[in-house]
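The residues making up each chain are set out below.
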Amino acid sequence: MTQWQRHIPFKVDIAGVIDIMGASLYSRPDTPIREMLQNAHDAIMRRRRTDLDFRGRIDVVQNADEHTISFQDDGIGLTPEDAEDYLGTVGAGITGLIKRSGDVPDSAGGLGDRGDLIGQFGVGLFSAFMLADRIVVESRHDAADHGIRWEAGAGTEIELMELDRAAPGTVVTLYLKPEYRFLSTQPESVEKAIREYADFLPIPIYLNRQAKRVNVIHAAWFEPSQDREATELALQEYFDEAPIDVIPIRVEKPASIAGALYVTPQRVPGFTDQSAVMVTVRRMVISRKIQGLVPAWATFLRGCLELHDCSPTTSREDLVRDDLFERIKSSLEDLIFSHFSELAKSDPTRLEAVVNWHRYTFAGAALENGRLRGLLRHCYRLPTSHGSLTLDEILKRSVADSLYEEEADRVVWYNTDRRQERWVNTLFAEHEVPCVHTFRSFEESLLAQCAHDDNAKGTVTDLRIATPSAPNFATTILGVSDLEDIEPRWREFLEHVNAKILVGSFRRDQPVMAFLNERYELARSFDEMKQRGEIPRGFQRLIESHFKSDVPQENEVILNRNHPMISRALSQKPGMPLSSVMRLIVINALNSAGAATPDSARKQQTDDLDWIAQCLWGKDG
Ligand SMILES: Nc1ncnc2c1ncn2[C@@H]1O[C@H](COP(=O)(O)OP(=O)(O)OP(=O)(O)O)[C@@H](O)[C@H]1O
């Protein structure tokens, strides 16, 4: 049975709340400047509703003698009731009431267009206690006869009194704590903060009554009908770099997105998903590096987007990750894709320039993104024996040789070793099919993925490394039909040259052909990248499967049966003088192709030369 019951009011320790807000809600000490500017902006916007011609201005004034910084606006001002109800109440404000279409007081200036106000939480004013131990608000409402003076110190009683003030508007003065007094003496730090947050606020902001306003206000990329050239110039000036391409953005559905993105001429480091895109909400800068909005593959995009409908977090340092944010994110990706697809038709050279400039970012991302691969197929070029070709051209030209290939519709030949680029080009010169040079392994994987995409649609495409032991390379490309492994006794004799040795018949004047295939170097460089954490996980899987393939990881040499010296040497026993000449020729062919000579082979080279000398001229002395 209940003995007693009582209702206790919910208590809030104001000093504690102020302390928490000041110390923990905002991550930067200049946030209060933004909050004060935003309040002034909202007050001016509210006055504009009753007086459509009214423009308004904000003045920020430093006073070094008094250690103060004040924010002055000629906005709608506060009635005594407003000051009592909203200035000192955490979580309550007229802006919030208007936004929620709440029961607004007469002083609110009507509901009007709720979209132009920034405030909503009713906490911003308290952020001033981060910097100040005393705040004084002097104000007169547009429709009131008298003004008010409101004064509060952290944790103290609020004092409200009548004030003689002629003009409508508000002055909020911050009596700065000793550690923030530089804000009353250094114009640069205040100017920097104003520009950081309020550059695009549609109201001029002046510092210390100077004639020139501090904020930019107009940016061509926010104009309702953007002029492409003007936008490009404005971006170049604001971000201080020349865009490679500009993506103007303006949509209203599923949410309003306005602004422009551009492709930076700066090299984007590795495969990070660090964005450098700036977002504003009602023109107040929320972040200069919004995370997770622009597709992770588009790290080369910069620019500024106004997301009018998005909700900032209470600290206004980020956006709330709600459904709307997700919808905006996916429509942005669509917009970027359709821009590039459009560019592929209207200005393919520009698209190629974009892709080429950021090719490794594109290639890396396309490994896991089919839509991106679809785009890259037509503009991502690789060097081939037949000049530079797009992925699509490579695939289409790699028609399988019907004489030898029954299983495959296409065979794509590729070479991974830069050192034999010219040699491979000569081999393929007489053929219709090209050989692709993929010196970066992820480009090889990209090619493989594109082939895989085609295979899924029913075209059977084989990717083969241009080396003698790859199926049909000898027959279709080299024209060698009798290729076979060398006999074990010769394999033993040639062991130290460090290559797989094959025998076949080809042009009479060429004793050997050497092919380099030192893939372990690539594998090693990937291991280093992996250790630095620069390879995305999915990509890593592809690399691993790639290096697991049955492609030989060693150099290869074909000895020519048609060559008189070679055929003679092979008809003798290993160890005869001719076999030593043959071994020297093999090492030399590998050397000229660019292979490094192992120490054991070097020693053998000397021994072989001594042996040949002895046979020709007899022993010294
Ligand atoms: N310069 C000003 N002119 C007129 N009214 C003001 C001014 N500054 C503050 N106010 C009033 O005080 C209220 C509380 O301001 P505060 O900055 O705490 O919150 P807010 O701006 O409503 O919301 P938020 O916390 O999202 O910024 C405002 O809603 C507004 O009614």
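What you see is a predicted model, and the numbers here were worked out from it, not measured in a lab.

Trainee: What should I look at first to understand the environment of Asn63 in this one?
Mentor: The topology assignment puts Asn63 in strand E1 (residues 58–63). By relative accessible area, Asn63 is classed as partly exposed at 28%. Here Asp65 takes part through its backbone nitrogen, which lies 3.0 Å from a polar atom of the side chain of Asn63. Polar side-chain contacts of Asn63 include one of 3.0 Å to the backbone nitrogen of Glu66.

Trainee: What is the right way to look at the UniProt feature "binding site: ATP" (unreviewed entry) in the chain in this model?
Mentor: The positions UniProt marks with the feature "binding site: ATP" (unreviewed entry) are Glu35, Asn39, Asp73 and Thr170. Spanning 136 residues, the named residues form one tight spatial group whose C-alpha atoms are at most 14.2 Å apart. Relative to the helices and strands, Glu35 resides in helix H2 (residues 31–50). Classification of Glu35 by relative accessible area gives buried; the value is 2%. With residues near it in sequence (within four places) discarded, Glu35 still touches Tyr26, Gly124, Ser127 and Arg316. Tracing the sequence through the fold places Asp73 in strand E2 (residues 68–73). Judged by its relative accessible area of 9%, Asp73 falls in the buried class. Residues contacting Asp73, with those up to four places away along its chain left out, are Ala40, Ala43, Ile44, Arg57, Arg165, Pro168, Gly169 and Thr170. A polar contact is formed between the side chain of Asp73 and the backbone nitrogen of Gly75, at a distance of 2.8 Å.

Trainee: For this particular structure, what's the right way to read unusual backbone geometry?
Mentor: Backbone geometry follows two general trends: most residues other than glycine have a negative phi, and most peptide bonds adopt the trans configuration. Look at the link from Lys253 to Pro254: it is a cis peptide, with omega at 0°. Following the sequence through the fold, Pro254 ends up in the loop between strand E8 (245–251) and strand E9 (257–263). Positive phi, close to 65°, is recorded for Ile217, a residue that is not glycine. By secondary structure assignment, the location of Ile217 is in the loop between strand E7 (205–207) and helix H7 (228–239). Of note, Arg316 is a non-glycine position whose phi angle comes to about 55°, a positive value. Residue placement: Arg316 occurs in the loop between strand E12 (301–306) and helix H8 (323–346).

Trainee: Would you mind showing me how to read the nonpolar core here?
Mentor: Trp297, Leu305 and Phe340 are the most contacted members of the largest nonpolar core, which has 58 residues in total. The element that contributes the greatest number of residues to this core is H8, accounting for eight residues. Every residue in contact with Phe340, bar those within four places of it in the chain, is listed here: Asp245, Ile247, Val263, Trp297, Phe300, Leu351, Val354 and Leu375. Membership of the second largest hydrophobic core comes to 45 residues, among which are Ala40, Phe126, Ala132 and Val137.

About the criteria used
Residues numbered from 1 in each chain as written. Predicted model: local features only at pLDDT ≥ 70, side-chain atom pairs only at ≥ 80, totals over all residues. Heavy atoms only, no water. Helix = DSSP H or I, 4+ residues; strand = E, 2+ residues; numbered from the N terminus. Buried < 20%, exposed > 50% of the residue type's maximum accessible area, 1.4 Å probe, protein only. Polar contact = N/O pair within 3.5 Å; in protein donor to acceptor, adjacent residues only side chain to side chain. UniProt positions renumbered as here; feature names shortened; annotations may be inferred. Contact = heavy atoms within 4.5 Å. Core = buried A, V, L, I, M, F, W, Y, C linked by side-chain atoms within 4.5 Å.

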